[in-house]
Every structure is written in C-alpha cells, then in structure tokens.
Amino acid sequence: MEQHHGDGPRSPVKEKPVMSNIGKSTNILWHNCPIGQSDRQKLLGQKGCVVWITGLSGSGKSTLACALNRELHYRGHLTYVLDGDNLRHGLNRDLSFKAEDRAENIRRVGEVAKLFADAGIICIASLISPYRRDRDACRALLPDSKFIEVFMDLPLKICEARDPKGLYKLARTGKIKGFTGIDDPYEPPVNGEIVIQMKDGECPSPKEMARQVLCYLEENGYLQA
C-alpha cells in the first residue's frame, strides 16, 4: 500500500511485513511465489496428492507402493515414494520407536508429503502409522481431498506368517518391545478412501492392488490437470 503525506514529492511507503512465531521459530515470514500449485499441475498434467498407505508390518505396504509407483510411471505420471524404513536412514534417523518419536516421525513425513503434493507430484507414503490421530493430522495438512488413505486390511496371522524382516519373531520372544500388533495397538482407519483386503481367502497380487488405487485416482480426476 502506498501512502502520501503533505504537498511535497510523493514517495511510496510499504507496509511493514507481518512476522510470525511458529513453534520454536520466531520472527519468520511466509513468502509467496508467482508460480503456484495449479501452474505446476498444468505443467505435469496431473493433480498433486498424497496416497498414504497404512497397515501392519508385513501387510504389503511397500509392495503396493512400488507397484503403484511403477504403474503410474509407465503411464507418464510423476511420482515419489516416501517409505518409512528408508526415511529412518536419513530424515528421521534421530527418532526411536517410542510413542512420542513415532508421532514426530509421522508429522515429519506428513509435512514432506505435503510439499510433494504442492509441487504437483503424486506422493506415495508407505508407513505403519498405527495411530489415527497422527494420520488425521497429516490429512488436515492437505485440504480438498488430496489425502488418500489406503488401508492394508490383512489379518495379523497373515502378516506374521510373512514376517519379511523377522520382527514378529523377535517381538514374540520379547526382544522387541512396543511392536505394533503384538504389544502396541494398531488403530485401523474409520473412513479411509481405499481398503485392500483378501478375496476368497487369497491375498491380491501387487498388480491387482495397484489397479485398485489407480482406478480411484482415475475416477477422482487426479491423473489429469
């Protein structure tokens, strides 16, 4: 806004920027850029969103994430996978599996996933994320239905029989404490967008699971700008 005083030469007086205090950060300012999400989405020919895959260890989260990533890539869509284990090698390497650290783990991933979605990318997040409140907090970061929750609804006995990392065995013998599904709870989604289940006693193949998610993305307009 420009302000003019008296009869002398006019000189613009800019409004003082509004500074904010967020969390432990003080005197910070949000900077807007001329290129926004809609511009990036038009460039990519798709809508940025987060496909959040949740479920017990061994339920097939990473398998689905990779299959979906591959199918979308073949169709010409830009994606990125945020895998829970992979992120603990870097971004979240300082976090344990205690309840408070698990919450912080999910919060960080949610914020990163939000940035990918804002960039117009289809972000596929694959994490156990056992607590509803943490998943709901991530959903709240993404308005306009851009958070798509995929629940891997497979029985514990199937996941434990697979035990790809040998973690259930360690949890059963007490060598791992606070393991989801054994001595720590998993809270299934109440109103998730997609549920992956067994059919006729058989687990769906990776391609079948990916196809289920692809159909949802297509029907809801995510694969076009």
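Residues numbered from 1 in each chain as written. Predicted model: local features only at pLDDT ≥ 70, side-chain atom pairs only at ≥ 80, totals over all residues. Heavy atoms only, no water.

## Some details on the overall build of the chain
If you tally the helices and strands in the chain, you get eight helices and seven strands. In summary, the chain has a C-alpha radius of gyration of 22 Å against a globular reference of 17 Å for 225 residues, an excess of more than 25%. For the C-alpha atoms alone, the extent of the chain along its principal axes is close to 85 × 40 × 30 Å. A buried classification covers 37% of the 225 residues belonging to the chain. Counting contacts in the chain only where the partners sit at least 6 residues apart, residues at least 24 apart contribute 71% of the total. (Helix = DSSP H or I, 4+ residues; strand = E, 2+ residues; numbered from the N terminus. Rg over C-alpha atoms; globule rule 2.2 N^0.38 Å. Buried < 20%, exposed > 50% of the residue type's maximum accessible area, 1.4 Å probe, protein only. Contact = heavy atoms within 4.5 Å.)

## Description of the pattern of salt bridges
The full count for this structure, using the stated rule, is twelve salt bridges. With its nearest N and O atoms 2.4 Å apart, the salt bridge here joins E218 to R75. Placement of the pair is E218 in helix 8 (residues 206-219) and R75 in the loop between helix 2 (61-74) and strand 4 (79-83), with a sequence separation of 143 residues. Exposure remark for E218: the relative accessible area of 41% places this residue in the partly exposed category. Its relative accessible area of 44% is what places R75 among the partly exposed residues. Through salt bridges with shared partners, a single ionic network connects D94, E104, R107 and R108. (Salt bridge = Lys/Arg side-chain N within 4 Å of Asp/Glu carboxyl O.)

## Regarding the UniProt feature "domain: APS kinase" (unreviewed entry) in the chain
On the UniProt side, "domain: APS kinase" (unreviewed entry) is annotated at positions that read residues 47-197 here. Annotated as residues 47-197, this span is 40% helix and 17% strand, and its ends, taken at the C-alpha atoms, are 27 Å apart. (UniProt positions renumbered as here; feature names shortened; annotations may be inferred.)

## Focus: the layout of surface pockets
The calculated volume of the largest pocket comes to roughly 720 Å³. Taken together, 39 residues make up the lining of the largest pocket; nearest its centre are S57, K61, D85, I128 and K165. Breaking the lining of the largest pocket down by element, the ones donating at least two residues are helix 2, helix 3 (84-87), helix 4 (99-118) and helix 8. Here the element with the most residues in the lining of the largest pocket is helix 4; it accounts for four residues. Taken together, the residues that form the lining of the largest pocket break down as 17 nonpolar, 13 polar and nine charged. Taken as a whole, the second largest pocket spans an internal volume of roughly 440 Å³. Lining the second largest pocket are 18 residues; nearest its centre among them are W30, R40, K114, L115 and D118. (1 Å grid on protein atoms, 1.4 Å probe; cavity = no way out; pocket = protein on both sides within 12 Å on 5 of 7 lines; lining within 4 Å. Points joined across faces, edges and corners; volume = space filled by probe spheres on them. Nonpolar A, V, L, I, M, F, W, Y, C, P; charged D, E, K, R; others polar.)

## Brief notes about the state of the cysteines
Here a disulfide denotes a covalent bond joining the sulfur atom of one cysteine to the sulfur atom of another. Overall, the coordinates contain zero disulfides when judged by the stated rule. Lacking any disulfide linkage, C159 is separated from the closest cysteine sulfur, that of C203, by 8.1 Å. C159 gets classed as buried once you look at its relative accessible area, which sits at 0%. Note on C215: no disulfide assigned, nearest cysteine sulfur contributed by C49 at a separation of 15 Å. (Disulfide = S-S within 2.5 Å.)

## What about the side chain of D83?
Along the polypeptide, D83 turns up in strand 4. The side chain of D83 is buried and forms no salt bridge, while K165, the nearest opposite charge, is found at 6.5 Å. Those residues in contact with D83, other than ones at most four positions away along the chain, are S62 and S126. (Lys, Arg positive; Asp, Glu negative; His and termini not counted.)

## Some words on the nonpolar core
Of all hydrophobic cores here, the largest spans 22 residues; its most connected members are V51, L64, L68 and L217. Residues within four places of L68 in sequence aside, it is in contact with V51, I124, A210, V213 and L214. I106, V109, C123 and L142 belong to the second largest nonpolar core, which has 14 residues in total. (Core = buried A, V, L, I, M, F, W, Y, C linked by side-chain atoms within 4.5 Å.)

## Points about the environment of K207
The topology assignment puts K207 in helix 8. Owing to a relative accessible area of 51%, K207 belongs among the exposed residues under this scheme. Residues K207 and R70 lie 137 residues apart in sequence; the distance between their C-alpha atoms is 9.8 Å.

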